[in-house]
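Listed below are the residues making up each chain.
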Amino acid sequence: MENKGKFGERMLVLGIYAAVLLILAGAVLFYQRVERTPLVPDDGTEFAKAVVLEVTSEDPAQEGIDAGNQQLRLEITSGSHKGEIVDGSSMNGYLYGAYCEEGTKVIVRLSEYGDSLAASVYNYDRELPILFMAVFFLLMMWLVGGKRGIHSITALIFTFGLILTLYIPLMYIGCSPFLAAVLCVALITSLSILLIGGITKKSLCAIIGTVAGVVAAGVIALIFGNAAHISGNNVESIETLVYIGQNTKLNISEMLFSGILISSLGAVMDVAMSVSSALTEISEKSPGISRKELFRSGMQIGRDMIGTMSNTLILAYVGSSVNTLMIIYAYQYSAHQVFGMYSIGIEIMQSLSGTLGIILTVPFVSAVSAYALYNKE
């Protein structure tokens, strides 16, 4: 009997993995079928990897300092000009360019002018460090988490894959960003929780609670945005987005609110799964417990989590706004000026609506679990 149980469990896991692969495959096919409007003229410009063979000259006033203009001899190591040696330049700035030495690996912008090839350094080649960091992260997740770590890795890959191949393209072709986010949240939540918790009542309750909490966060953000006159048209990159919107069917105004659903998903899912797991344990140990007592237990467990998880989400948003906060502090902005800034309003909206999503998840998942897990015996 035990072997049959293990076999059935393995078949369920394989079924969930098959669903993950099928959904991802469908999303990739959809991604490939979306036709993107060229926004940059095809002038023969190419970005490629290169290695610095020699620094032929540099601004003497900036020698030894990570700034200034350099003339370089470069060997192209990728793309259509792989193996060619060209002369190029690097104007090192805060965002673009690089301070080069012999052996420095860079990304270069190549432009053809007749028979000549011009090269300028775009930035450092960071692909290998990023790849190493990602592999190290996944390795640690596997070594520390064991079998559950493997499920978590699969859920993580599924999450990012779905965002890149379904969520972004859906918005690009004119689908409501809010609805696109709800669809992706439902798929990500369902598959992630099923991978970690299996096909159980506990998982079902966590899925319902998570989706309800995330959608609540988005609706609250929409209400706050309307009251505070904030929309996706008030973000810093609006000029670029407007240009994209003029050439596609992108609904810019809803993008900000759909992003709140995605950003709050992880924390909300954590709360929902924790409350659902705890109530499952309580119902199994106390079969005669009433629905009302189960609900109260869920609320009590959730109250202990709200403080820490709210801090987690709010501090994440604060950490992403340190530059803005430093500017406000250094220039001694008045309170009226600060609260009138779009950037501050957006950060407040994102952090508080996401936190409210966490708070509302507790009664949602407690109510659903109390109903689903109630045992009359």
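All of these numbers come straight from a predicted model, not from anything done at the bench.

K.L.:
How do you make sense of the nonpolar core when you look at a structure like this?
P.N.:
Side chains of nonpolar character tend, in soluble globular proteins, to be buried together. F158, Y167, I188, V271, M349 and I358 are the most contacted members of the largest nonpolar core, which totals 58 residues. At the level of elements, α1 (2–33), α2 (127–172), α3 (177–197), α4 (201–228), α5 (238–247), α6 (252–285), α7 (291–320) and α10 (342–373) are the ones that each hand at least two residues to this core. The element best represented in this core is α6, accounting for 14 residues. The contact partners of F158, leaving out residues within four places of it in the chain, are V20, I23, L24, L187, I188 and L191.

K.L.:
Would you mind showing me how to read the pattern of salt bridges here?
P.N.:
Side-chain pairs of opposite charge can arise where the charged atoms are in close proximity. In this structure the tally under the stated criterion is three salt bridges. Across the pair R73 and D87 runs a salt bridge whose closest N-O atoms are separated by 3.4 Å. Taken as a pair, R73 in strand β2 (residues 68–76) and D87 in strand β3 (residues 85–92) lie far apart in primary sequence, 14 residues in all. Judged by its relative accessible area of 48%, D87 is partly exposed.

K.L.:
Explanation requested: the environment of H151 in the structure shown.
P.N.:
Considering the arrangement of structural elements, one finds H151 in helix α2. By relative accessible area, H151 is classed as buried at 10%. Aside from chain neighbours lying at most four places away, what touches H151 is V13, Y17 and L195.

K.L.:
How do you make sense of the packing of aromatic side chains when you look at a structure like this?
P.N.:
Centre distance and the angle of the planes are the two values used to describe a pair of aromatic rings. Applying the stated rule across the entire model yields four aromatic pairs. When the centroid spacing of 6.4 Å and the interplanar angle of 15° are considered together, the rings of F132 and F136 count as stacked. Linking F132 with F136, this pair stays in helix α2, spanning four residues, or about one helical turn. With centroids separated by 6.4 Å and ring planes inclined at 50°, the aromatic side chains of Y331 and Y333 adopt a geometry described as tilted. Overall, the relative accessible area of 60% leaves Y331 in the exposed class. A connected cluster of aromatic rings, assembled from ring pairs, spans F47, Y96 and Y122.

K.L.:
Looking at this model, I keep getting lost on unusual backbone geometry. Mind explaining?
P.N.:
One non-glycine residue with positive phi stands out, namely H229, at about 60°. Among the structural elements, H229 can be located in the loop between α4 and α5. One non-glycine residue with positive phi stands out, namely Q332, at about 55°. Residue Q332 is classed as exposed on the basis of its relative accessible area of 68%.

K.L.:
Even after reading the chapter, I still don't get α3, so can you show me in this structure?
P.N.:
Because an α-helix packs 3.6 residues into every turn, residues spaced three or four apart end up facing the same way. Counted at 1.5 Å a residue, the expected span for α3 with its 21 residues is 30 Å, and the 29 Å between its end C-alpha atoms agrees. Positive backbone phi, approximately 80°, marks G198, located one or two places after α3.

K.L.:
Any chance you could explain the pairing of strand β4 (residues 105–113) here in plain terms?
P.N.:
On a regular strand, each side chain points to the face opposite its neighbour's, so the side chains alternate between the two faces of the sheet. Judged from the six bridges that link them, strand β1 (residues 46–58) and β4 form a sheet pairing that is antiparallel. Within β4, the position partnered with F47 by the bridge is R109. Bridge count between β4 and strand β5 (residues 116–124): eight bridges; the pairing is antiparallel. Residue pairing across strands places V108 opposite V121, the latter belonging to β5. Counting the residues between successive antiparallel strands, the hairpin from β4 to β5 contains two residues, one of them, G114, with a positive phi of roughly 65°.

K.L.:
Just to check I follow, could you spell out the state of the cysteines for this structure?
P.N.:
Note: disulfide means a covalent bond formed between the sulfur atoms of two cysteine side chains. Counted by the stated rule, this structure contains zero disulfides. Lacking any disulfide linkage, C184 is separated from the closest cysteine sulfur, that of C175, by 8.9 Å. Residue classification places C184 among the buried positions, given a relative accessible area of 0%.

K.L.:
I keep staring at a nonpolar patch on the surface and nothing clicks. Help me out?
P.N.:
On the surface, a nonpolar cluster with roughly 820 Å² of combined accessible area is contributed by F132, F136, L139, M140, W142, L143, V144 and I150. When you line up the elements, I150 lands in helix α2. A relative accessible area of 38% means that I150 is categorised as partly exposed.

K.L.:
Looking at this structure, how should I read the packing of α2 against α3?
P.N.:
The angle between the axes and the distance between the axes are what describe a pair of packed helices. Axis separation between α2 and α3 bottoms out at 9 Å; the angle between their running directions is 165°. Taken together, the axis directions place α2 and α3 in an arrangement best described as roughly antiparallel. Note on packing geometry: the crossing formed by α2 with α3 is right-handed. Looking at the contact of α2 with α3, its residues break down into 18 nonpolar, five polar and one charged.

What counts and what doesn't
- Residue indices follow the written sequence of each chain, beginning from 1 at its first position.
- Per-residue local features of the predicted model are confined to residues with pLDDT of at least 70, and side-chain atom pairs are confined, for both listing and counting, to 80 or more; whole-chain, interface and lining totals are unaffected and use all residues.
- The basis for every side-chain value is the complete set of heavy atoms in the structure, and neither hydrogens nor water enter the calculation.
- Put simply, buried Ala, Val, Leu, Ile, Met, Phe, Trp, Tyr and Cys residues joined by side-chain atoms within 4.5 Å make one nonpolar core.
- Exposure is judged per residue with a 1.4 Å probe applied to protein chains only, and the accessible area is read against the type maximum: over 50% gives exposed, under 20% gives buried, and values in between give partly exposed.
- Put simply, DSSP marks the helices as runs of H or I at least four residues long and the strands as runs of E at least two long, and each gets a number from the N terminus on.
- Here, residues are in contact when the closest pair of their heavy atoms is within 4.5 Å.
- Salt bridges are defined by distance alone: a side-chain nitrogen of Lys or Arg within 4 Å of a carboxyl oxygen of Asp or Glu.
- Stacked, tilted and edge-to-face pairs are distinguished by plane angle, under 30 degrees for stacked and over 60 for edge-to-face with tilted covering the rest, among Phe, Tyr and Trp rings (Trp via its six-membered ring) whose centres lie within 6.5 Å.
- Any helix carries an expected span of 1.5 Å times its number of residues minus one.
- Two strands form a pair only when DSSP identifies at least two bridges running between them.
- In this description, the term disulfide denotes a pair of cysteine sulfurs within 2.5 Å.
- Candidate patch residues must exceed 30% relative accessible area and have no salt bridge, after which like charges are joined if within 9 Å and Val, Leu, Ile, Met, Phe, Trp or Tyr side chains if within 5 Å.
- Using a 1.4 Å probe, accessible areas were evaluated by the Shrake-Rupley method; residue-level cover was limited to the displayed protein chains.
- Lines fitted to C-alpha atoms define the axes, with helix axes restricted to the stretch in contact, and inter-axis angles between N-to-C directions lie between 0 and 180 degrees.
- Put simply, angles under 35 degrees are roughly parallel, angles over 145 are roughly antiparallel, angles from 65 to 115 are roughly perpendicular, and the rest are oblique.
- Crossing handedness is defined as follows: a turn of the near helix away from the far one that is anticlockwise and smaller than a right angle gives a left-handed crossing, while the clockwise case is right-handed.
- Only Asp, Glu, Lys and Arg are considered charged, only Ala, Val, Leu, Ile, Met, Phe, Trp, Tyr, Cys and Pro nonpolar, and every remaining residue, Gly among them, polar.

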